[in-house]
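Letter by letter, the chains look like this.
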Amino acid sequence: MLDIKITKTATPKAKPTGALGFGQHFTDHMFMMDWNEGEGWHDARIVPYGPIPMSPASTAFHYGAEIFEGMKAYHVGNGEVKLFRPYENAKRMNSSAERLCLPQLNEDDFVQAVNAVVNLDRDWVPTDPGTSLYVRPFMIGDDHTLGVHGVHHAIFMVILSPVGSYYKEGLNPVSIVIEKDDVRVAGKGGTGYTKCGGNYAASTRAGKKAELKGYSQVLWLDAVERKYIEEVGSMNVMFKINGEVVTPALVGSILPGITRKSCLEVLKDRGIPAVERRISVDELEQAIKDGTLEEAFGTGTAAVISPIGKFVIDGKEYTVADGGIGKVSQMLYDEITGIQSGKKDDKHNWTYTVK
Ligand SMILES: *Cc1c(COP(=O)(O)O)cnc(C)c1O
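Residues numbered from 1 in each chain as written. Predicted model: local features only at pLDDT ≥ 70, side-chain atom pairs only at ≥ 80, totals over all residues. Heavy atoms only, no water.

Attention now moves to the site of the ligand. Around the ligand sit 14 residues, and of these K195, Y200, E231, T259 and T301 come closest. At a separation of 2.8 Å, an oxygen atom of the ligand approaches a polar side-chain atom of R92. Side-chain polar atom of E231 to a nitrogen atom of the ligand: 2.5 Å apart, as the coordinates give it. Compared with its free state, where it exposes 380 Å², the ligand has 94% of that area covered by protein. Residues belonging to the shell around the ligand are distributed by class as follows: four nonpolar, seven polar and three charged. (Near = heavy atom within 4 Å. Polar contact = N/O pair within 3.5 Å; in protein donor to acceptor, adjacent residues only side chain to side chain. Areas by Shrake-Rupley, 256 points an atom, 1.4 Å probe, with all protein chains shown as cover. Nonpolar A, V, L, I, M, F, W, Y, C, P; charged D, E, K, R; others polar.)

Quick look at the structure:
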């Protein structure tokens, strides 16, 4: 149990009005906690949201010592606020921390920190359908030396941002370009299975190139053979081929998404066959050509399900089935958002009441 000291803001901000967008507004408070080798985690506190003083020599700036998580808090009616599978985020943060030699956090402490700051700012959780409070826990290494000797000081923080509905008028298929030049810094043995800022830094160039051509995201191939499909931008990816859902196996280079895991569990509940295995871009291209690719979609906290209407392979555009929204994509979206918003039976106990 953390002993969290709370300092409330003397100047609460006005809540945003109009379209919220993503990650543009921040609430009144944030959670902070420090770590060093002698004391471990200490000084857990909630303070007014604002800039933090940093040494220009901090490891976070020079050597990319940074990991993060992404989750959402939902207003489910009658002032009740719920998180979705927060212990999964706690576990994944520790797995990222282990890879980057950052200190691990007790899972209960992680959830307690998130719960406490969301609870304090609970009137910032938007109530319109599809909206939520995005929760961004993150950790940085903060040694004040340019020598590279591991992490001896770290900071864990949680900031909160009310976000709008990803889809204004229901699910919306996107176009995805298959990237054959850049790879993520995510080969086996690398950091692909972690949520670290460095992965994103390395993926920016391909993302920008795709955006300039009017495509929404990049589909990454494995860094060794550039042959096997990994994931799509900041989402995992699934295909329905010949009645079976196929998703790339978690071989160390792919982020183990909580939405991915939840989708696989819902598919199992529904008796829809689903396998985790390697899938090559050639197999995908063949399935498009012979008409066996029935659906393709991304999975992630932000959009939950993002149907893919079109792939671009070597500059050639291919439409997935009729380019619309597949039945399984729609079912998974309805089921998971239904549980998150308290409208559907939460039989797996995935939601966590903020109090
Ligand atoms: C966060 C993330 C995902 C999706 O994970 P969820 O837990 O489902 O939100 C997928 N890929 C990458 C690279 C990510 O950073």
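Let us now look at helix α3 (residues 107-120). Between its terminal C-alpha atoms α3 stretches 20 Å, which fits the 20 Å expected from 14 residues at 1.5 Å a residue. Within α3, 10 of the 14 residues are buried, which leaves it mostly tucked inside the rest of the structure. Within α3, the full set of buried residues consists of D109, F110, V111, Q112, A113, V114, N115, A116, V117 and V118. Of the residues that open α3, the one with a side-chain oxygen 2.8 Å from the backbone nitrogen of D108 is N106. (Helix = DSSP H or I, 4+ residues; strand = E, 2+ residues; numbered from the N terminus. Expected span 1.5 Å × (residues − 1). Buried < 20%, exposed > 50% of the residue type's maximum accessible area, 1.4 Å probe, protein only.)

Turning our eyes to something else, we now look at the pattern of salt bridges. Going through the model one piece at a time under the given rule, you end up with 18 salt bridges. We note a salt bridge from D43 to R45, for which the minimum N-O separation is 3.6 Å. We classify R45 as buried; its relative accessible area is 17%. For E283, the salt bridge is made with R277, and the minimal N-O distance between the two is 2.8 Å. (Salt bridge = Lys/Arg side-chain N within 4 Å of Asp/Glu carboxyl O.)

This part takes up the domain arrangement of the chain. Parsing the chain into structural domains produces domain 1 (5-164) and domain 2 (174-340). Computed from C-alpha coordinates alone, the two centres of domain 1 and domain 2 are separated by 27 Å. In this complex, domain 1 contributes 19 residues to the contact, which on the side of domain 2 involves 21 residues. When domain 1 packs against domain 2, the two sides together hide about 1,800 Å² of surface, and 57% of this comes from carbon and sulfur. For the salt bridge of E88 with K261, the shortest nitrogen-to-oxygen distance reads 3.2 Å. Inspection of the region where domain 1 meets domain 2 yields 12 residue pairs in polar contact (both at pLDDT 80 or more). For the side of domain 1 that touches domain 2, the secondary-structure elements that each account for two or more residues are β4 (66-68), β5 (71-77) and α2 (86-99). (Domains from an automatic or database assignment. Contact = heavy atoms within 4.5 Å. Buried area = accessible area lost by both parts, 1.4 Å probe.)

With that settled, consider the packing of helix α5 (residues 258-269) against helix α7 (residues 327-340). The relative placement of two packed helices is expressed as an angle between their axes plus a distance between the axes. One can describe the packing of α5 onto α7 by two numbers: an axis separation of 10 Å at closest approach and a directional angle of 105 degrees. Comparing the axis directions of α5 and α7 gives the class roughly perpendicular. Mapping the contact onto sequence places S262, C263, V266 and L267 in α5 and V328, M331, L332, E335 and I336 in α7. Grouping the constituent residues of the contact of α5 with α7 by class yields seven nonpolar, one polar and one charged. (Axes fitted to C-alpha atoms, helices over the stretch in contact; angles between N-to-C directions. Parallel < 35°, antiparallel > 145°, perpendicular 65-115°, else oblique.)

One finds F31, F110, V118 and F156 to be the most contacted residues of the largest nonpolar core, which totals 37 residues. For this core, the secondary-structure elements that each account for two or more residues are β2 (29-36), β3 (40-48), β5, β6 (80-84), α2, α3, β7 (132-141) and β8 (153-163). The greatest single-element share of this core, amounting to seven residues, is contributed by α3. Excluding its chain neighbours within four sequence positions, the residues that come into contact with F110 are E69, M71, P86, N89, A90, M93, L105, P137 and F156. (Core = buried A, V, L, I, M, F, W, Y, C linked by side-chain atoms within 4.5 Å.)

Moving on to the packing of aromatic side chains. Taken as a whole and judged by the stated rule, the model has eight aromatic pairs. Here the aromatic rings of F239 and F311 are separated by 6.2 Å at their centres, their planes lie at 40 degrees, and the arrangement is tilted. Placement of the pair is F239 in strand β12 (residues 236-241) and F311 in strand β16 (residues 304-313), with a sequence separation of 72 residues. Exposure class is identical for F239 and F311. Each is buried. (Phe/Tyr/Trp six-rings, centres within 6.5 Å; stacked < 30°, edge-to-face > 60°.)

A few words now on the packing of α2 against α3. In contact at an axis separation of 9 Å, α2 and α3 are set at 120 degrees when each is read in the N-to-C sense. Here α2 lies oblique to α3, going by the angle between them. The two elements α2 and α3 meet at a crossing, and its hand is right-handed. Taking contact as the criterion, the partners of P86, Y87, N89, A90, K91, M93 and N94 in α2 are, on α3, E107, D108, F110 and V111. (Left-handed = near helix turned anticlockwise from the far one by under 90°.)

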